[in-house]
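One letter stands for each residue in the lines below.
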Amino acid sequence: MQPVVQFENIRKSFGSFVAVDNLNLNIERGKFVTLLGPSGCGKSTTLRMLGGFETPTEGRILLSGRDVTMVPPNRRNVNIVFQDYALFPHMSVAKNIAFGLELKGVDNRQIQRRVSELLELVQLQDFAGRLPSELSGGQRQRVALMRALAPDPDVLLLDEPLSALDAKLRQTMQIELKAIQEQTGKTFMFVTHDQEEALTMSDTIVVMNNGRIEQMGDPATLYKRPGSAFVATFLGETNLLHSDVVGTDAGEAAVRWNGMTIRASAGALSPKAGDAIYVVLRPEAIQCSAQEPGVANRVKGRIRQRVFKGNHTSLKVEIGEGHLLNALVHPSEVEGLSRDDIWVGWSSEATTLIPARNAA
Amino acid sequence: MRAMFHDWPGLALKSFYWLFVLYLFLPLSLMVAVSFKDASFISFPLGNLTIDWYAKVIQDKQFLDACLYTIMIAAATTAIATVIGVWIAMLIGSLRGAAQYVAFAVACLPAVVPGMISAISLRIFITTIDLPTGTVAIILGHVVHAVPFVVVMVLTRLRSMPGNLVDAARDLGADSIVTFFRVTLPYLGPAIFGGMIFCLLLSSDDFVRTFFLGGYRPTLPMLIFARVQSGMSPEINVMATLVLVVTAVVGLYAEYLTRRSRIR
Ligand SMILES: Nc1ncnc2c1ncn2[C@@H]1O[C@H](COP(=O)(O)OP(=O)(O)OP(=O)(O)O)[C@@H](O)[C@H]1O
Ligand SMILES: [Mg+2]
């Protein structure tokens, strides 16, 4: 099937500053795609180029197969949900939603039908006559979403639309946004710097850094098999162990870290003895016990910090001299453990190896 | 009581305020009071009160004609100055850097040029281009004076407008003209309204420019001036009182409307 959006060799510079470089990205119809990256990495610029508000310095953008690189925003079939909603303050909720439809020349009866349909989708039927200033943050958010959906765009662009909401509401809206996307079958292109948001909602995450795509894939793969140290640390918490390969056998590598030998599955890599390498060890992959555990990797340690978080306990365990490992364990696992003498362990499949030259 | 005297700076501040209010309202109150006086000259005590002077003034053909003429000029001035002012404000708003400051300074110039200088220069100008003194010349002079006030008020509002409102309209399919009329203009509404009221008041109150540019038909300020020259009488107080009341009502109503739209 033809991708709904194609970025081809896109480059965007502001003066001598390159905001987006060598961007190649195809987006499949009906997917929830998230651009994830730290502040200033070029996410908004990428989105604005698709919206028509920035012109690429080089490259082409295709929308449903049509070259739209030079088409002005009012003549491309994409709509944006802005970070601060940008609702028209002098128009009622219904008028705001109808705006795009009126400009498309849709007849009045149909506009009314569509508006009430959309309001129903987000349970705002009773608010049609209100002004935006008479709505709560979450309600404004929904209206902005429906206004952008109303003209039936090929792609819906969302630039950090949840960042103005408080934490609780943000979580509710994540779920709701995902539900609406599934219900409408629309392609969503979502921008955020919040990894949790990206993991919760996306079919595909595109991790960006310094104007380039670092890695893309579905959330589980990206989380389990990060391709670079940047992705490993940006997506979720992680222990990144800088080590040297000492040997390999049967798809496993033996690496040396902090005086101990770690066995780790090599995955797609074929490391050679002497290579510098990172071991990605997720905190929740670590188990703690009083007795020596029966897993491939185990070592003695001392608990330096223990924080009870309700459904889990977060630990900092010192291994050897001054090397700390972060661990997330079930509270019952660490009950009655002595602080100064515990075992930590993890299996060889629980880790991922990343060549150290990729460590940006 | 004693505590009050210990706070003498606060007390001084309050006293000065009330002295100022007294200074502001005393002449106005005297003017209004005399307009009800039962005699054809101004003196105290007032003696018997009457509304005869009012009856006389509102039957005064000259007075009514001057009112009409003033309103007509004010309305024309307002219409023209508002269009030009909004236009210039939009232009300045779209400029960047030094160009913006220069354009703004030029647009504001007519507001700071002394009325007399501007009046004389306009008079010389219309003579040069063979435009007769009279209605058109007066409106021309008033518009030049009023535009900067519209520009400043509209520009202030424009600067507070979230930039992405325009982006949102464009994004939803509006070209720049539709965006202006359906999004920008309504947003500027309260400021434009305020600017229009200002234009009305500036124009109807203007004496110097009208004096230099006017023909034989007097506006209200010119009529009052002419009457004063032929001697003070309670009639003049009546006219002034009427002007005062109308101006105050318009001003307060405008303030009420803008306040309401700001809350919404
Ligand atoms: N109009 C512009 N002129 C100059 N530089 C710009 C312009 N727009 C963006 N940039 C620069 O391009 C870079 C990328 O900007 P962009 O807005 O895409 O970042 P972002 O990834 O969306 O970050 P954030 O999470 O903070 O929104 C930034 O360093 C920014 O300073
Ligand atoms: Mg951004």
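Residues numbered from 1 in each chain as written. Chains lettered and ligands numbered in written order. Predicted model: local features only at pLDDT ≥ 70, side-chain atom pairs only at ≥ 80, totals over all residues. Heavy atoms only, no water.

It is worth spelling out the nonpolar core at this point. In a soluble, globular protein the nonpolar side chains are often hidden away together inside. With 64 residues, the main nonpolar core has Phe7(A), Phe88(A) and Met189(A) as its most contacted residues. Tallying contributions element by element places helix α7 (residues 135-159) of chain B first for this core, with 11 residues. Among all residues touching Phe7(A), those that are not within four sequence positions of it are Leu23(A), Asn24(A), Leu25(A), Asn26(A), Thr46(A), Leu50(A), Arg60(A), Ile61(A) and Met189(A). Formed by 33 residues, the second largest nonpolar core is a distinct cluster that contains Leu118(A), Ala144(A), Leu145(A) and Ala148(A). (Core = buried A, V, L, I, M, F, W, Y, C linked by side-chain atoms within 4.5 Å. Buried < 20%, exposed > 50% of the residue type's maximum accessible area, 1.4 Å probe, protein only. Helix = DSSP H or I, 4+ residues; strand = E, 2+ residues; numbered from the N terminus. Contact = heavy atoms within 4.5 Å.)

What follows concerns the site of ligand 1. Residue and element names in this part refer to chain A. Ligand 1 sits among Phe14, Phe17, Ala19, Ser39, Gly40, Cys41, Gly42, Lys43, Ser44, Thr45, Glu160 and His193. Contact between ligand 1 and Gly40: an oxygen atom at 2.7 Å from a main-chain N or O atom of the residue. Here Lys43 contributes a side-chain N or O atom positioned 2.8 Å from an oxygen atom of ligand 1. For ligand 1, the protein covers 60% of the area, taking 630 Å² as the surface of the free molecule. Only β2 (17-27) and α1 (43-51) provide two or more residues apiece to the shell around ligand 1. Looking at the shell around ligand 1 element by element, the count peaks at 3 residues for α1. Tallied by class, the residues present in the shell around ligand 1 amount to 4 nonpolar, 6 polar and 2 charged. (Near = heavy atom within 4 Å. Polar contact = N/O pair within 3.5 Å; in protein donor to acceptor, adjacent residues only side chain to side chain. Areas by Shrake-Rupley, 256 points an atom, 1.4 Å probe, with all protein chains shown as cover. Nonpolar A, V, L, I, M, F, W, Y, C, P; charged D, E, K, R; others polar.)

Here the focus is the sheet that holds strand β3 (residues 32-36) of chain A. All names here are of chain A. Here we have 6 strands laid out as an open sheet, ordered β6-β7-β8-β3-β9-β10, and mixed in their pairing. This sheet does not close on itself; its edge strands, each paired only once, are β6 (78-81) and β10 (212-217). For this sheet the average axis-to-axis angle between neighbouring strands, irrespective of direction, equals 20°. Direction of pairing for strand β9 (residues 204-209) relative to β10: antiparallel, over a ladder of 5 bridges. Bridging from a neighbouring strand, Met208 pairs with Ile213 of β10. (Pairing = 2+ DSSP bridges. Axes fitted to C-alpha atoms, helices over the stretch in contact; angles between N-to-C directions.)

Residue and element names in this part refer to chain B. The geometry of α7 relative to helix α9 (residues 176-205) is characterised by a closest axis approach of 9 Å and an angle of 150° between their N-to-C directions. Looking at the two axes, α7 sits roughly antiparallel to α9. Here α7 runs over α9; the crossing is right-handed. Mapping the contact onto sequence places His142, His145, Ala146, Phe149, Val150, Met153, Val154, Arg157 and Leu158 in α7 and Thr184, Tyr187, Leu188, Pro190, Ala191, Ile192, Gly194, Gly195, Phe198, Cys199, Leu202 and Ser203 in α9. Considered class by class, the residues forming the contact of α7 with α9 number 14 nonpolar, 6 polar and 1 charged. (Parallel < 35°, antiparallel > 145°, perpendicular 65-115°, else oblique. Left-handed = near helix turned anticlockwise from the far one by under 90°.)

It is worth spelling out the domain arrangement of chain A at this point. Residues and elements named next belong to chain A. You can read the domains of chain A as domain 1 (5-233) and domain 2 (234-358). With centres defined by C-alpha atoms, the gap from domain 1 to domain 2 works out at 38 Å. Contact residues are listed per partner, giving 18 residues for domain 1 and 14 residues for domain 2. For the pair domain 1 and domain 2, the summed buried area comes to about 1,500 Å², and 61% of that belongs to carbon and sulfur atoms. It is Tyr223, Ala232 and Thr233 that lose the most area in domain 1 upon contact with domain 2, and together they represent 37% of the buried surface on that side. When contributions to the side of domain 1 that touches domain 2 are tallied by element, the ones reaching two or more residues are α6 (195-201), α7 (219-224) and α8 (229-234). (Domains from an automatic or database assignment. Buried area = accessible area lost by both parts, 1.4 Å probe.)

Moving on, we get to the environment of Arg142(A). All names here are of chain A. Along the chain, Arg142 turns up in helix α4 (residues 137-149). Separated by 107 residues in the primary sequence, Arg142 and Asp249 have C-alpha atoms spaced 55 Å apart. Beyond its immediate sequence surroundings of up to four residues, Arg142 is in contact with Val122, Leu124, Met173 and Glu176.

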